[in-house]
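Observations on the three-dimensional arrangement
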Amino acid sequence: MAMTVEVLLHSFLPSWSSAGILLCYLGYLALAGAILPGKNVHGAILPDGTRLHYRCNGLASLFMLMALLWMGISMKLISPTVIADKGGELLSVTFIFSVIVTFLLHISGCKSRDRSSSLKAHVTGNFFHDWWFGVQLNPHFMGIDLKFFFVRAGMMGWLFINLSLFFKSLQADNANLSVILYQLFCTLYVIDYFFYEEFMTSTWDIIAERLGFMLVFGDLVFIPFTFSIQGWWLSRNKVELSKVVAIADCLVFLIGYQIFRGANRQKHVFKKDPKAPIWGNPPKVIGGKLLASGYWGISRHCNYLGDILLALSFSLPCGASSIIPYFYPTYLLILLIWRERRDDARCSKKYSEIWEEYCRLVPWRIFPYVY
Ligand code: NDP
(Lines give C-alpha, C1' and ligand atoms only; values in the text may rest on other atoms or scores of the structure.)
Protein backbone atom coordinates (compact mmCIF):
# COMPACT_ATOMS: atom_id res chain seq x y z
CA MET A 1 0.00 0.00 0.00
CA ALA A 2 2.76 2.45 1.08
CA MET A 3 4.57 1.46 -2.11
CA THR A 4 1.50 2.21 -4.25
CA VAL A 5 1.11 5.67 -2.71
CA GLU A 6 4.79 6.32 -3.28
CA VAL A 7 4.54 5.25 -6.93
CA LEU A 8 1.43 7.40 -7.36
CA LEU A 9 3.07 10.45 -5.82
CA HIS A 10 6.16 9.89 -7.93
CA SER A 11 4.04 9.90 -11.11
CA PHE A 12 2.93 13.44 -10.25
CA LEU A 13 6.44 14.84 -9.80
CA PRO A 14 6.97 17.56 -12.40
CA SER A 15 9.75 16.90 -14.89
CA TRP A 16 11.60 19.01 -17.44
CA SER A 17 10.45 16.73 -20.25
CA SER A 18 6.80 17.37 -19.33
CA ALA A 19 7.48 21.10 -19.10
CA GLY A 20 9.01 20.83 -22.59
CA ILE A 21 5.89 19.08 -23.94
CA LEU A 22 3.63 21.76 -22.44
CA LEU A 23 5.73 24.65 -23.78
CA CYS A 24 5.99 23.08 -27.26
CA TYR A 25 2.22 22.58 -27.28
CA LEU A 26 1.45 26.16 -26.23
CA GLY A 27 4.14 27.51 -28.57
CA TYR A 28 2.62 25.56 -31.45
CA LEU A 29 -0.86 26.91 -30.65
CA ALA A 30 0.42 30.48 -30.48
CA LEU A 31 2.15 30.12 -33.85
CA ALA A 32 -0.69 28.25 -35.54
CA GLY A 33 -3.21 30.76 -34.15
CA ALA A 34 -1.18 33.62 -35.66
CA ILE A 35 -0.56 32.17 -39.11
CA LEU A 36 -3.28 29.69 -40.05
CA PRO A 37 -6.35 30.99 -41.90
CA GLY A 38 -9.69 31.19 -40.10
CA LYS A 39 -12.89 33.19 -39.97
CA ASN A 40 -12.48 36.62 -38.36
CA VAL A 41 -15.34 37.16 -35.93
CA HIS A 42 -16.31 40.23 -33.87
CA GLY A 43 -16.71 39.70 -30.16
CA ALA A 44 -19.67 41.02 -28.14
CA ILE A 45 -19.96 44.79 -27.73
CA LEU A 46 -18.16 45.67 -24.51
CA PRO A 47 -19.46 48.25 -21.99
CA ASP A 48 -17.27 51.01 -23.57
CA GLY A 49 -18.77 50.28 -27.03
CA THR A 50 -15.64 48.58 -28.39
CA ARG A 51 -15.46 44.98 -29.55
CA LEU A 52 -12.60 42.54 -29.93
CA HIS A 53 -11.93 40.42 -32.98
CA TYR A 54 -11.13 36.75 -32.94
CA ARG A 55 -9.57 34.60 -35.61
CA CYS A 56 -11.38 31.27 -35.35
CA ASN A 57 -8.74 28.93 -36.70
CA GLY A 58 -8.95 26.35 -33.91
CA LEU A 59 -10.06 23.58 -36.26
CA ALA A 60 -7.22 24.25 -38.69
CA SER A 61 -4.76 24.34 -35.75
CA LEU A 62 -6.16 21.04 -34.45
CA PHE A 63 -5.96 19.20 -37.78
CA MET A 64 -2.50 20.56 -38.49
CA LEU A 65 -1.28 19.39 -35.07
CA MET A 66 -2.84 15.97 -35.61
CA ALA A 67 -1.07 15.70 -38.97
CA LEU A 68 2.28 16.77 -37.46
CA LEU A 69 1.92 14.31 -34.58
CA TRP A 70 0.94 11.55 -36.97
CA MET A 71 4.11 12.21 -38.96
CA GLY A 72 6.15 12.22 -35.75
CA ILE A 73 4.56 8.91 -34.68
CA SER A 74 5.08 7.31 -38.11
CA MET A 75 8.73 8.34 -38.07
CA LYS A 76 9.00 6.93 -34.52
CA LEU A 77 10.06 10.34 -33.19
CA ILE A 78 7.10 10.53 -30.79
CA SER A 79 5.36 7.85 -28.78
CA PRO A 80 1.55 7.98 -29.24
CA THR A 81 1.13 7.15 -25.55
CA VAL A 82 3.48 9.84 -24.26
CA ILE A 83 0.65 11.96 -22.82
CA ALA A 84 -1.02 8.99 -21.14
CA ASP A 85 2.36 7.82 -19.79
CA LYS A 86 3.23 11.23 -18.38
CA GLY A 87 -0.33 12.22 -17.34
CA GLY A 88 0.47 12.95 -13.68
CA GLU A 89 3.63 14.91 -14.46
CA LEU A 90 1.85 16.92 -17.14
CA LEU A 91 -0.93 17.75 -14.73
CA SER A 92 1.54 19.07 -12.12
CA VAL A 93 3.50 21.05 -14.68
CA THR A 94 0.34 22.59 -16.12
CA PHE A 95 -0.83 23.50 -12.63
CA ILE A 96 2.49 25.21 -11.86
CA PHE A 97 2.32 27.01 -15.20
CA SER A 98 -1.20 28.26 -14.38
CA VAL A 99 -0.05 29.62 -11.01
CA ILE A 100 2.94 31.42 -12.57
CA VAL A 101 0.90 32.86 -15.44
CA THR A 102 -1.81 34.14 -13.13
CA PHE A 103 0.75 35.83 -10.86
CA LEU A 104 2.17 37.55 -13.93
CA LEU A 105 -1.34 38.46 -15.09
CA HIS A 106 -2.06 39.88 -11.65
CA ILE A 107 1.09 42.01 -11.60
CA SER A 108 0.66 43.34 -15.15
CA GLY A 109 -3.10 43.82 -14.67
CA CYS A 110 -2.65 45.88 -11.50
CA LYS A 111 -0.13 48.10 -13.29
CA SER A 112 -2.45 48.73 -16.24
CA ARG A 113 -3.55 52.34 -16.68
CA ASP A 114 -5.61 51.45 -19.76
CA ARG A 115 -9.27 52.56 -19.34
CA SER A 116 -10.78 50.34 -22.06
CA SER A 117 -13.26 47.66 -20.95
CA SER A 118 -10.87 44.91 -22.04
CA LEU A 119 -7.82 46.09 -20.15
CA LYS A 120 -9.13 48.25 -17.32
CA ALA A 121 -7.84 46.96 -13.96
CA HIS A 122 -10.58 45.95 -11.49
CA VAL A 123 -8.60 45.86 -8.26
CA THR A 124 -10.41 45.32 -4.96
CA GLY A 125 -7.19 45.31 -2.92
CA ASN A 126 -7.87 41.77 -1.67
CA PHE A 127 -4.97 39.93 -3.26
CA PHE A 128 -6.54 36.49 -3.13
CA HIS A 129 -9.83 37.69 -4.65
CA ASP A 130 -8.07 39.63 -7.41
CA TRP A 131 -5.70 36.79 -8.26
CA TRP A 132 -8.51 34.23 -8.24
CA PHE A 133 -11.04 36.16 -10.32
CA GLY A 134 -8.52 38.24 -12.31
CA VAL A 135 -8.25 41.97 -12.72
CA GLN A 136 -8.64 42.40 -16.49
CA LEU A 137 -11.35 41.17 -18.82
CA ASN A 138 -9.31 40.40 -21.94
CA PRO A 139 -5.55 40.63 -21.32
CA HIS A 140 -3.30 40.16 -24.33
CA PHE A 141 0.28 38.95 -24.73
CA MET A 142 2.20 39.53 -27.98
CA GLY A 143 -1.10 40.06 -29.80
CA ILE A 144 -2.66 36.87 -28.40
CA ASP A 145 -6.03 37.13 -26.65
CA LEU A 146 -5.07 35.00 -23.64
CA LYS A 147 -8.60 34.04 -22.63
CA PHE A 148 -9.47 32.70 -26.07
CA PHE A 149 -6.04 31.04 -26.26
CA PHE A 150 -6.27 29.18 -22.95
CA VAL A 151 -9.72 27.78 -23.58
CA ARG A 152 -8.54 26.54 -26.97
CA ALA A 153 -5.49 24.91 -25.37
CA GLY A 154 -7.66 23.20 -22.75
CA MET A 155 -10.26 21.82 -25.14
CA MET A 156 -7.61 20.54 -27.53
CA GLY A 157 -5.59 19.14 -24.62
CA TRP A 158 -8.61 17.10 -23.56
CA LEU A 159 -8.77 15.51 -27.03
CA PHE A 160 -5.05 14.74 -27.11
CA ILE A 161 -5.16 13.13 -23.66
CA ASN A 162 -8.06 10.97 -24.86
CA LEU A 163 -6.31 10.00 -28.08
CA SER A 164 -3.20 9.04 -26.17
CA LEU A 165 -5.32 6.90 -23.82
CA PHE A 166 -6.94 5.33 -26.87
CA PHE A 167 -3.53 4.32 -28.22
CA LYS A 168 -2.79 2.77 -24.84
CA SER A 169 -6.02 0.77 -25.05
CA LEU A 170 -5.12 -0.38 -28.56
CA GLN A 171 -1.69 -1.47 -27.35
CA ALA A 172 -3.26 -3.36 -24.45
CA ASP A 173 -5.86 -4.86 -26.81
CA ASN A 174 -8.78 -3.62 -24.68
CA ALA A 175 -10.37 -1.05 -27.02
CA ASN A 176 -13.87 -2.48 -26.57
CA LEU A 177 -17.30 -0.89 -27.19
CA SER A 178 -17.13 1.21 -23.97
CA VAL A 179 -13.79 2.68 -24.93
CA ILE A 180 -14.92 3.30 -28.51
CA LEU A 181 -18.16 5.04 -27.48
CA TYR A 182 -16.40 7.23 -24.91
CA GLN A 183 -13.68 8.18 -27.40
CA LEU A 184 -16.11 8.73 -30.25
CA PHE A 185 -18.47 11.02 -28.30
CA CYS A 186 -15.67 13.13 -26.79
CA THR A 187 -13.90 13.43 -30.14
CA LEU A 188 -17.10 14.55 -31.87
CA TYR A 189 -17.77 17.04 -29.06
CA VAL A 190 -14.31 18.62 -29.29
CA ILE A 191 -14.27 18.72 -33.10
CA ASP A 192 -17.75 20.24 -33.06
CA TYR A 193 -16.52 22.80 -30.50
CA PHE A 194 -13.79 23.93 -32.89
CA PHE A 195 -16.07 23.78 -35.92
CA TYR A 196 -18.35 26.26 -34.14
CA GLU A 197 -15.52 28.07 -32.33
CA GLU A 198 -17.03 31.43 -33.24
CA PHE A 199 -19.99 30.68 -30.93
CA MET A 200 -17.52 30.83 -28.04
CA THR A 201 -17.13 34.56 -28.61
CA SER A 202 -20.60 35.23 -27.18
CA THR A 203 -20.32 32.96 -24.14
CA TRP A 204 -20.21 34.06 -20.51
CA ASP A 205 -16.52 33.18 -20.05
CA ILE A 206 -15.49 35.38 -22.94
CA ILE A 207 -17.85 38.31 -22.39
CA ALA A 208 -18.19 38.52 -18.62
CA GLU A 209 -15.48 36.63 -16.70
CA ARG A 210 -12.14 38.27 -15.95
CA LEU A 211 -8.97 36.25 -16.56
CA GLY A 212 -7.65 35.07 -13.21
CA PHE A 213 -6.58 31.77 -11.68
CA MET A 214 -10.14 30.41 -11.69
CA LEU A 215 -10.44 30.63 -15.46
CA VAL A 216 -6.83 29.77 -16.35
CA PHE A 217 -6.83 26.75 -14.04
CA GLY A 218 -10.28 25.78 -15.34
CA ASP A 219 -9.16 25.96 -18.96
CA LEU A 220 -5.67 24.48 -18.75
CA VAL A 221 -5.91 21.98 -15.91
CA PHE A 222 -9.50 21.22 -15.08
CA ILE A 223 -10.90 20.76 -18.61
CA PRO A 224 -8.24 18.44 -20.02
CA PHE A 225 -7.35 16.46 -16.91
CA THR A 226 -10.70 15.98 -15.22
CA PHE A 227 -12.98 15.76 -18.25
CA SER A 228 -10.85 12.79 -19.32
CA ILE A 229 -11.31 10.89 -16.02
CA GLN A 230 -13.60 8.37 -17.78
CA GLY A 231 -10.79 7.66 -20.27
CA TRP A 232 -8.24 7.09 -17.46
CA TRP A 233 -10.76 4.95 -15.64
CA LEU A 234 -11.53 2.82 -18.71
CA SER A 235 -7.81 2.28 -19.24
CA ARG A 236 -7.72 0.49 -15.87
CA ASN A 237 -11.20 -1.09 -15.75
CA LYS A 238 -12.85 -3.27 -18.35
CA VAL A 239 -16.58 -2.73 -18.92
CA GLU A 240 -18.71 -5.02 -21.05
CA LEU A 241 -21.55 -2.78 -22.20
CA SER A 242 -24.89 -4.36 -23.09
CA LYS A 243 -26.48 -3.44 -26.43
CA VAL A 244 -29.39 -1.76 -24.63
CA VAL A 245 -27.09 0.51 -22.62
CA ALA A 246 -25.01 1.25 -25.72
CA ILE A 247 -28.12 2.25 -27.71
CA ALA A 248 -29.47 4.31 -24.77
CA ASP A 249 -26.10 6.04 -24.53
CA CYS A 250 -26.14 6.89 -28.26
CA LEU A 251 -29.62 8.38 -27.81
CA VAL A 252 -28.54 10.48 -24.81
CA PHE A 253 -25.63 11.76 -26.88
CA LEU A 254 -27.75 12.58 -29.94
CA ILE A 255 -30.53 14.29 -27.97
CA GLY A 256 -28.01 16.17 -25.83
CA TYR A 257 -26.10 17.29 -28.91
CA GLN A 258 -29.27 18.45 -30.67
CA ILE A 259 -30.34 20.57 -27.69
CA PHE A 260 -26.85 21.89 -26.87
CA ARG A 261 -25.89 22.88 -30.40
CA GLY A 262 -29.41 23.95 -31.40
CA ALA A 263 -29.80 26.30 -28.42
CA ASN A 264 -26.34 27.83 -28.76
CA ARG A 265 -26.84 28.26 -32.51
CA GLN A 266 -30.27 29.90 -32.07
CA LYS A 267 -28.88 32.46 -29.62
CA HIS A 268 -25.85 33.15 -31.80
CA VAL A 269 -27.99 33.64 -34.93
CA PHE A 270 -30.48 35.77 -32.98
CA LYS A 271 -27.70 38.10 -31.76
CA LYS A 272 -26.60 38.63 -35.36
CA ASP A 273 -30.06 38.88 -36.89
CA PRO A 274 -32.97 39.27 -34.41
CA LYS A 275 -35.46 38.61 -37.23
CA ALA A 276 -34.01 35.27 -38.37
CA PRO A 277 -36.67 32.52 -38.20
CA ILE A 278 -36.58 30.03 -35.35
CA TRP A 279 -37.79 26.55 -36.28
CA GLY A 280 -39.31 28.08 -39.42
CA ASN A 281 -41.35 30.76 -37.63
CA PRO A 282 -40.64 34.40 -36.84
CA PRO A 283 -38.91 34.59 -33.44
CA LYS A 284 -40.77 35.66 -30.31
CA VAL A 285 -38.71 38.55 -29.00
CA ILE A 286 -39.07 40.36 -25.68
CA GLY A 287 -38.18 44.04 -25.53
CA GLY A 288 -36.37 43.71 -28.86
CA LYS A 289 -33.49 41.96 -27.06
CA LEU A 290 -34.40 38.58 -25.61
CA LEU A 291 -35.28 35.52 -27.61
CA ALA A 292 -38.26 33.66 -26.14
CA SER A 293 -38.88 31.01 -28.77
CA GLY A 294 -37.19 27.82 -29.91
CA TYR A 295 -35.04 26.29 -27.17
CA TRP A 296 -35.03 29.67 -25.40
CA GLY A 297 -38.80 29.38 -25.01
CA ILE A 298 -38.55 25.93 -23.37
CA SER A 299 -36.18 26.86 -20.56
CA ARG A 300 -33.96 29.87 -19.96
CA HIS A 301 -30.81 27.76 -20.29
CA CYS A 302 -31.75 24.81 -22.45
CA ASN A 303 -28.14 24.85 -23.71
CA TYR A 304 -27.05 23.78 -20.20
CA LEU A 305 -29.52 20.89 -20.30
CA GLY A 306 -27.99 19.71 -23.61
CA ASP A 307 -24.47 19.98 -22.18
CA ILE A 308 -25.42 17.97 -19.08
CA LEU A 309 -26.90 15.19 -21.27
CA LEU A 310 -23.74 15.15 -23.36
CA ALA A 311 -21.62 14.89 -20.21
CA LEU A 312 -23.77 11.97 -19.10
CA SER A 313 -23.26 10.24 -22.46
CA PHE A 314 -19.47 10.42 -21.91
CA SER A 315 -19.84 8.58 -18.59
CA LEU A 316 -22.48 5.95 -19.39
CA PRO A 317 -19.94 3.79 -21.30
CA CYS A 318 -18.23 3.24 -17.94
CA GLY A 319 -21.24 1.34 -16.57
CA ALA A 320 -22.50 1.64 -13.01
CA SER A 321 -19.81 -0.09 -10.95
CA SER A 322 -18.12 3.13 -9.80
CA ILE A 323 -19.02 6.76 -9.28
CA ILE A 324 -15.56 7.99 -10.33
CA PRO A 325 -16.40 8.22 -14.07
CA TYR A 326 -19.49 10.27 -13.15
CA PHE A 327 -17.35 13.08 -11.81
CA TYR A 328 -17.72 15.18 -14.99
CA PRO A 329 -21.55 15.19 -15.29
CA THR A 330 -21.85 15.77 -11.53
CA TYR A 331 -19.42 18.65 -11.60
CA LEU A 332 -21.09 20.11 -14.70
CA LEU A 333 -24.53 19.90 -13.11
CA ILE A 334 -23.30 21.83 -10.04
CA LEU A 335 -21.32 24.32 -12.14
CA LEU A 336 -24.18 25.06 -14.52
CA ILE A 337 -26.75 25.44 -11.74
CA TRP A 338 -24.39 27.95 -10.07
CA ARG A 339 -23.58 29.59 -13.43
CA GLU A 340 -27.28 29.95 -14.28
CA ARG A 341 -27.84 31.77 -10.97
CA ARG A 342 -24.97 34.15 -11.70
CA ASP A 343 -26.14 34.70 -15.27
CA ASP A 344 -29.68 35.29 -14.05
CA ALA A 345 -28.41 38.00 -11.65
CA ARG A 346 -26.37 39.58 -14.46
CA CYS A 347 -29.26 39.54 -16.94
CA SER A 348 -31.72 40.79 -14.35
CA LYS A 349 -29.42 43.81 -13.78
CA LYS A 350 -28.76 44.34 -17.48
CA TYR A 351 -32.29 43.83 -18.83
CA SER A 352 -34.38 44.69 -15.69
CA GLU A 353 -38.12 44.58 -16.50
CA ILE A 354 -37.73 42.78 -19.85
CA TRP A 355 -35.83 40.02 -18.01
CA GLU A 356 -38.70 39.80 -15.51
CA GLU A 357 -41.13 39.46 -18.39
CA TYR A 358 -38.98 36.73 -19.94
CA CYS A 359 -38.88 34.85 -16.61
CA ARG A 360 -42.66 35.04 -16.38
CA LEU A 361 -43.03 33.71 -19.90
CA VAL A 362 -40.33 31.02 -19.54
CA PRO A 363 -40.40 29.99 -15.86
CA TRP A 364 -37.97 27.03 -16.10
CA ARG A 365 -34.30 27.77 -15.50
CA ILE A 366 -32.67 24.63 -17.02
CA PHE A 367 -34.85 21.49 -16.82
CA PRO A 368 -38.38 22.03 -18.22
CA TYR A 369 -41.09 21.20 -15.63
CA VAL A 370 -38.43 20.32 -13.03
CA TYR A 371 -36.15 23.28 -12.28
P1 NDP B 1 -24.93 31.28 -22.49
O2 NDP B 1 -24.34 30.96 -23.81
O3 NDP B 1 -26.28 30.78 -22.19
O4 NDP B 1 -24.86 32.86 -22.37
C5 NDP B 1 -25.56 33.60 -21.41
C6 NDP B 1 -25.78 34.98 -21.99
O7 NDP B 1 -26.65 34.89 -23.13
C8 NDP B 1 -26.48 35.93 -21.05
O9 NDP B 1 -25.57 36.52 -20.15
C10 NDP B 1 -27.07 36.94 -22.03
O11 NDP B 1 -25.96 37.73 -22.50
C12 NDP B 1 -27.49 36.06 -23.18
N13 NDP B 1 -28.85 35.58 -23.07
C14 NDP B 1 -29.41 34.85 -22.07
N15 NDP B 1 -30.69 34.56 -22.35
C16 NDP B 1 -30.96 35.12 -23.56
C17 NDP B 1 -32.11 35.14 -24.38
N18 NDP B 1 -33.25 34.57 -24.02
N19 NDP B 1 -32.04 35.81 -25.55
C20 NDP B 1 -30.89 36.41 -25.93
N21 NDP B 1 -29.76 36.41 -25.19
C22 NDP B 1 -29.79 35.76 -24.02
O23 NDP B 1 -24.07 30.79 -21.28
P24 NDP B 1 -22.59 30.29 -21.11
O25 NDP B 1 -21.66 31.22 -21.77
O26 NDP B 1 -22.43 30.03 -19.66
O27 NDP B 1 -22.58 28.86 -21.87
C28 NDP B 1 -22.33 28.64 -23.26
C29 NDP B 1 -22.19 27.15 -23.50
O30 NDP B 1 -20.98 26.68 -22.89
C31 NDP B 1 -23.35 26.37 -22.88
O32 NDP B 1 -23.82 25.43 -23.79
C33 NDP B 1 -22.74 25.70 -21.69
O34 NDP B 1 -23.36 24.47 -21.46
C35 NDP B 1 -21.28 25.56 -22.10
N36 NDP B 1 -20.40 25.54 -20.93
C37 NDP B 1 -19.68 24.40 -20.71
C38 NDP B 1 -18.87 24.31 -19.60
C39 NDP B 1 -18.10 23.07 -19.36
O40 NDP B 1 -17.34 23.05 -18.39
N41 NDP B 1 -18.27 22.05 -20.18
C42 NDP B 1 -18.70 25.43 -18.67
C43 NDP B 1 -19.51 26.57 -19.00
C44 NDP B 1 -20.30 26.61 -20.09
P45 NDP B 1 -26.10 39.13 -23.30
O46 NDP B 1 -25.64 40.16 -22.36
O47 NDP B 1 -25.18 38.97 -24.48
O48 NDP B 1 -27.50 39.27 -23.75
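Per chain, the residues get numbers from 1 upward, laid out in the order the sequence is written. Only residues with pLDDT of at least 70 get local features here, since the model is predicted, and only at 80 or more are side-chain atom pairs given and counted; chain-wide, interface and lining totals rely on the full set of residues. Note: side-chain values were computed over all heavy atoms of the structure, leaving out hydrogens and water.

For clarity, the cut-off: UniProt positions are given in the numbering used here, feature names are shortened, and annotations may be inferred rather than shown by experiment.
Identification of the protein chain as Delta(14)-sterol reductase from Platanthera zijinensis is taken from an unreviewed UniProt entry. As its UniProt record puts it under Sequence similarities (unreviewed entry), the protein chain is described as follows: "Belongs to the ERG4/ERG24 family." Quoted straight from UniProt, the Pathway (unreviewed entry) entry for the protein chain says "Steroid biosynthesis."

A look at the nonpolar core
Going by this rule: The term nonpolar core refers to a set of buried residues drawn from Ala, Val, Leu, Ile, Met, Phe, Trp, Tyr and Cys, joined through side-chain atoms within 4.5 Å. Type-normalised accessible area, obtained with a 1.4 Å probe on protein chains alone, sets the label of each residue: buried when under 20%, exposed when over 50%, and partly exposed for intermediate values. Any two residues whose heavy atoms approach within 4.5 Å at even a single point are treated as in contact.
Core analysis: the largest hydrophobic core is formed by 92 residues, its most contacted members being Phe150, Trp158, Tyr189, Phe194, Phe314 and Tyr358. What Tyr358 contacts, discounting residues up to four positions off in sequence, is Ile286, Leu290, Leu291, Ala292, Trp296, Ser299 and Arg300.

What to know about unusual backbone geometry
We apply this condition: For the purposes of this entry, the term helix denotes a DSSP run of H or I that reaches at least four residues, the term strand denotes a run of E that reaches at least two, and both are numbered from the N terminus.
Unlike most non-glycine residues, Met142 shows phi in positive territory, near 50°. The residue Met142 is located in the loop between strand E3 (140–141) and strand E4 (144–145) in this model. Classification of Met142 as exposed rests on a relative accessible area of 72%. Residue Trp279 is not a glycine yet carries a positive backbone phi of 50°. Position of Trp279 relative to the elements: it lies in the loop between helix H12 (243–272) and strand E5 (285–286). By relative accessible area, Trp279 is classed as exposed at 53%.

Some thoughts on the packing of aromatic side chains
The test is simple: Only centres within 6.5 Å qualify two rings of Phe, Tyr or Trp (six-membered ring in Trp) as a pair; their planes then separate them into stacked at under 30 degrees, edge-to-face at over 60, and tilted for everything else. Counted as over-ring charges are cases with an Arg CZ or a Lys NZ within 6 Å of the ring centre that also lie within 35 degrees of the ring normal.
Applying the stated criterion across every chain, the model contains 37 aromatic pairs. On the numbers, 5.6 Å between centres and 50° between planes, the contact of Trp132 with Phe213 is tilted. With Trp132 in helix H6 (residues 127–133) and Phe213 in helix H10 (residues 213–226), the pair connects residues that are 81 residues apart, well separated along the chain. Judged by its relative accessible area of 29%, Trp132 is partly exposed. Exposure remark for Phe213: the relative accessible area of 5% places this residue in the buried category. Taken together, a centroid distance of 5.0 Å and an interplanar angle of 80° make the contact between Phe195 and Tyr196 edge-to-face. Taking relative accessible area as the criterion, Phe195 reaches 55% and is therefore assigned exposed. For Tyr196, a relative accessible area of 19% corresponds to the buried category. Between the NZ or CZ atom of Arg342 and the centre of the ring of Trp338, over which it lies, the distance is 4.5 Å.

A look at the UniProt feature "transmembrane region" (unreviewed entry) in the protein chain
UniProt's feature table lists "transmembrane region" (unreviewed entry) at residues 20–38, 59–78, 90–110, 149–167, 179–199, 211–235, 241–260 and 308–328, given in the numbering used throughout. In this annotation, residues 20–38 is assigned 84% helix and 0% strand; the end-to-end C-alpha distance for the span is 28 Å.

Quick notes on the site of the ligand
Our working definition: A cutoff of 4 Å decides nearness: a residue is near a molecule or strand if any of its heavy atoms lies inside that distance of it. We call two N or O atoms a polar contact when they sit within 3.5 Å, provided that within protein one can donate a hydrogen and the other can accept it, with sequence-adjacent residues counted only if both atoms are side-chain atoms. Areas reported as accessible are Shrake-Rupley estimates using a 1.4 Å probe. Residue values count occlusion only from the protein chains shown.
As a matter of local geometry, the ligand sits amid 29 residues, with Trp204, Tyr304, Asp343, Lys350 and Tyr351 nearest to it. Within the side chain of His301, an N or O atom sits 3.1 Å from an oxygen atom of the ligand. Protein burial of the ligand: of its 910 Å² of free accessible surface, 92% is covered by the chains.

Re the packing of helix H3 (residues 58–74) against helix H8 (residues 177–195)
Here is the rule: Every axis corresponds to a line fitted to the C-alpha atoms, with the helix fit spanning only the stretch in contact, and the corresponding angles, defined between N-to-C directions, vary from 0 to 180 degrees. Roughly parallel refers to an angle under 35 degrees, roughly antiparallel to one over 145, roughly perpendicular to one between 65 and 115, and oblique to any angle outside these ranges.
Relative orientation of the contacting elements H3 and H8 amounts to 135°, with a least axis distance of 7 Å. The orientation of H3 with respect to H8, classified from their angle, is oblique. Residues Gly58, Leu59, Leu62 and Phe63 of H3 form the contact with H8, whose participating residues are Ile191, Phe194 and Phe195.

Section: the environment of Ile161
Among the structural elements, Ile161 can be located in helix H7 (residues 146–171). Ile161 gets classed as buried once you look at its relative accessible area, which sits at 4%. For the pair Ile161 and Thr81, spaced 80 residues apart in the sequence, the C-alpha separation amounts to 8.9 Å. Setting aside chain neighbours within four positions, we find Ile161 in contact with Ile83, Pro224, Phe225, Ser228 and Trp232.

Digging into the packing of helix H13 (residues 302–315) against helix H14 (residues 327–361)
Heads up, the condition is: Under the convention adopted here, Pro, Cys and the residues Ala, Val, Leu, Ile, Met, Phe, Trp and Tyr are nonpolar, Asp, Glu, Lys and Arg are charged, and Gly plus all remaining residues are polar.
Viewed as axis vectors pointing N to C, H13 and H14 meet at an angle of 170°, and their least axial separation amounts to 8 Å. On the basis of their axis angle, the class for H13 and H14 is roughly antiparallel. Two secondary-structure elements touch here, H13 through Tyr304, Asp307, Ile308, Ala311, Leu312, Phe314 and Ser315 and H14 through Tyr328, Pro329, Leu332, Leu333, Leu336, Arg339 and Glu340. Residue classes in the contact of H13 with H14 are distributed as 10 nonpolar, one polar and three charged.

Remarks on a nonpolar patch on the surface
Put simply, the rule is: Only residues above 30% relative accessible area that lack a salt bridge enter a patch, with like-charged residues linked at up to 9 Å and the nonpolar side chains Val, Leu, Ile, Met, Phe, Trp and Tyr linked at up to 5 Å. In what follows, salt bridge is the name for a side-chain nitrogen of Lys or Arg lying within 4 Å of a carboxyl oxygen of Asp or Glu.
A surface patch of nonpolar side chains, amounting to about 590 Å² of accessible area, comprises Met64, Leu68, Met71, Met75, Leu77 and Ile78. On the secondary structure map, Met64 appears in helix H3.

Overview of the pairing of strand E2 (residues 53–56)
Rule in force here: Two strands are counted as paired when DSSP detects at least two bridges linking them.
By the alternation rule, side chains of E2 split into Tyr54 and Cys56, which are all buried, and His53 and Arg55, of which none is buried. Taken together, the four bridges between strand E1 (residues 39–42) and E2 define a ladder with antiparallel strand orientation. Bridge pairing links His42 to His53 in E2.

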